[in-house]
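A closer look at the structure
Below, each chain spelled out in residue letters.
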Amino acid sequence: MSESPPSFPAQRCADCGLRYGHGAHVCRQCGSEAFEDAPLSGEGTVYARTTIRIPGSDQQGEEPFEVAVVDVGGAESVRVTARIEENPGLGPDDPVEFVERRNGVFYFRAV
Ligand SMILES: [Zn+2]
């Protein structure tokens, strides 16, 4: 049994409770501008994945690297875009866990 991953730093709207993985400034459901921290389980699954070979200017020199859309947080999951460490070639429905947030980017790895 491995240790559980660090919790994922999600937020939720303080008025309607809608959860967000990436930071939001205005709730898309109710228009509120009030948010609070609402950490989720760091366990997730891959929804989709792609390999970036021509990155944006802030990631030059890091290519190729894996970017995945990950559903993280179990029953209350949020869908986020993330980097996958160690380029394991994960596919849809593969389990991953949260590693850390670095320079505003979420990093996950294969479980
Ligand atoms: Zn709201």
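Our subject in this report is the structure included herewith. (Residues numbered from 1 in each chain as written. Predicted model: local features only at pLDDT ≥ 70, side-chain atom pairs only at ≥ 80, totals over all residues. Heavy atoms only, no water.)

1. Describing the coordination of the zinc ion
Ideal values for angles at a metal depend on the geometry: 109.5 degrees with four tetrahedral donors, 90 or 180 degrees with six octahedral donors. On the protein side, the zinc ion has Cys13 (SG), Cys16 (SG), Cys27 (SG) and Cys30 (SG) as donor atoms, found 2.3 to 2.4 Å from it. In this structure, the zinc ion is surrounded by four donor atoms whose angles at the metal cover 103 to 116 degrees, and the resulting shape is tetrahedral. Ordering the donors of the zinc ion by residue number gives the pattern C-x2-C-x10-C-x2-C. The exposure class of Cys30 is partly exposed, given its relative accessible area of 40%. (Donors = N, O, S within 2.8 Å, 3.2 Å for Na, K, Ca; no water. Tetrahedral: all angles 85-135°; square planar, octahedral: opposite > 155°, others 65-115°. Buried < 20%, exposed > 50% of the residue type's maximum accessible area, 1.4 Å probe, protein only.)

2. Examining the sheet that holds strand β3 (residues 35-37)
Reading across from one edge, β2-β1-β3 is the order of the three strands in this open sheet, with antiparallel pairing throughout. In this open sheet, the two strands that pair with only one neighbour each are β2 (19-20) and β3. (Pairing = 2+ DSSP bridges. Helix = DSSP H or I, 4+ residues; strand = E, 2+ residues; numbered from the N terminus.)

3. Examining the sheet that holds strand β8 (residues 105-110)
Spatial ordering of the closed barrel is given by β4-β5-β6-β8-β7, a layout of five strands whose pairing is mixed. Each neighbouring strand pair of the sheet contributes to a mean axis angle of 45 degrees, computed without reference to strand direction. Two strands pair when backbone bridges link them, and strand β6 (residues 78-84) and β8 are joined in this way by two bridges, in the parallel orientation. Looking across to β8, one finds that Ile84 is bridged to Phe108. (Axes fitted to C-alpha atoms, helices over the stretch in contact; angles between N-to-C directions.)

4. Concerning the pairing of β6
Among the seven residues in β6, five count as buried, and that is most of the element. Direction of pairing for strand β5 (residues 65-72) relative to β6: antiparallel, over a ladder of seven bridges. Note on β6: the bridge partner recorded for Ala68 is Ala82. The antiparallel pairing of β5 with β6 creates a hairpin that spans five residues between the two strands, and Gly73 there sits at a positive phi of about 110 degrees.

5. A word on unusual backbone geometry
The phi angle of most residues is negative, glycine excepted, and most peptide bonds adopt the trans form. Each neighbour pair has its own omega, and for Glu63 with Pro64 the value is -5 degrees, a cis peptide bond. With respect to the helices and strands, Pro64 occurs in the loop between β4 (43-52) and β5. Phi is positive for Asp93, which is not a glycine, with a value near 75 degrees. Residue Asn103 is not a glycine yet carries a positive backbone phi of 50 degrees. Structurally, the position occupied by Asn103 is in the loop between β7 (95-102) and β8.

6. Notes on the environment of Ala10
Following the sequence through the fold, Ala10 ends up in the segment before β1 (11-13). Its relative accessible area of 1% is what places Ala10 among the buried residues. Non-local contacts of Ala10, meaning those with residues more than four positions away in its chain, are made with Tyr20, Asp37, Ala38, Pro39 and Leu40. (Contact = heavy atoms within 4.5 Å.)

7. As for the packing of aromatic side chains
Summed over all chains, the structure comprises six aromatic pairs. Between Phe8 and Phe98, the aromatic rings sit 5.1 Å apart at their centres with planes inclined by 75 degrees, giving edge-to-face as the arrangement. With a gap of 90 residues between them, Phe8 in the segment before β1 and Phe98 in strand β7 connect regions that are remote in the sequence. The exposure class of Phe98 is buried, given its relative accessible area of 4%. Among the aromatic residues, those joined into a ring-pair cluster are Phe8, Phe98, Phe106 and Phe108. Over the aromatic face of Phe65 sits the side chain of Arg83, whose NZ or CZ is 3.7 Å from the ring centroid. The cationic tip of Arg102 hangs over the ring face of Tyr107; the distance from NZ or CZ to the ring centre is 3.9 Å. (Phe/Tyr/Trp six-rings, centres within 6.5 Å; stacked < 30°, edge-to-face > 60°. Lys NZ or Arg CZ within 6 Å of the ring centre and 35° of its normal.)

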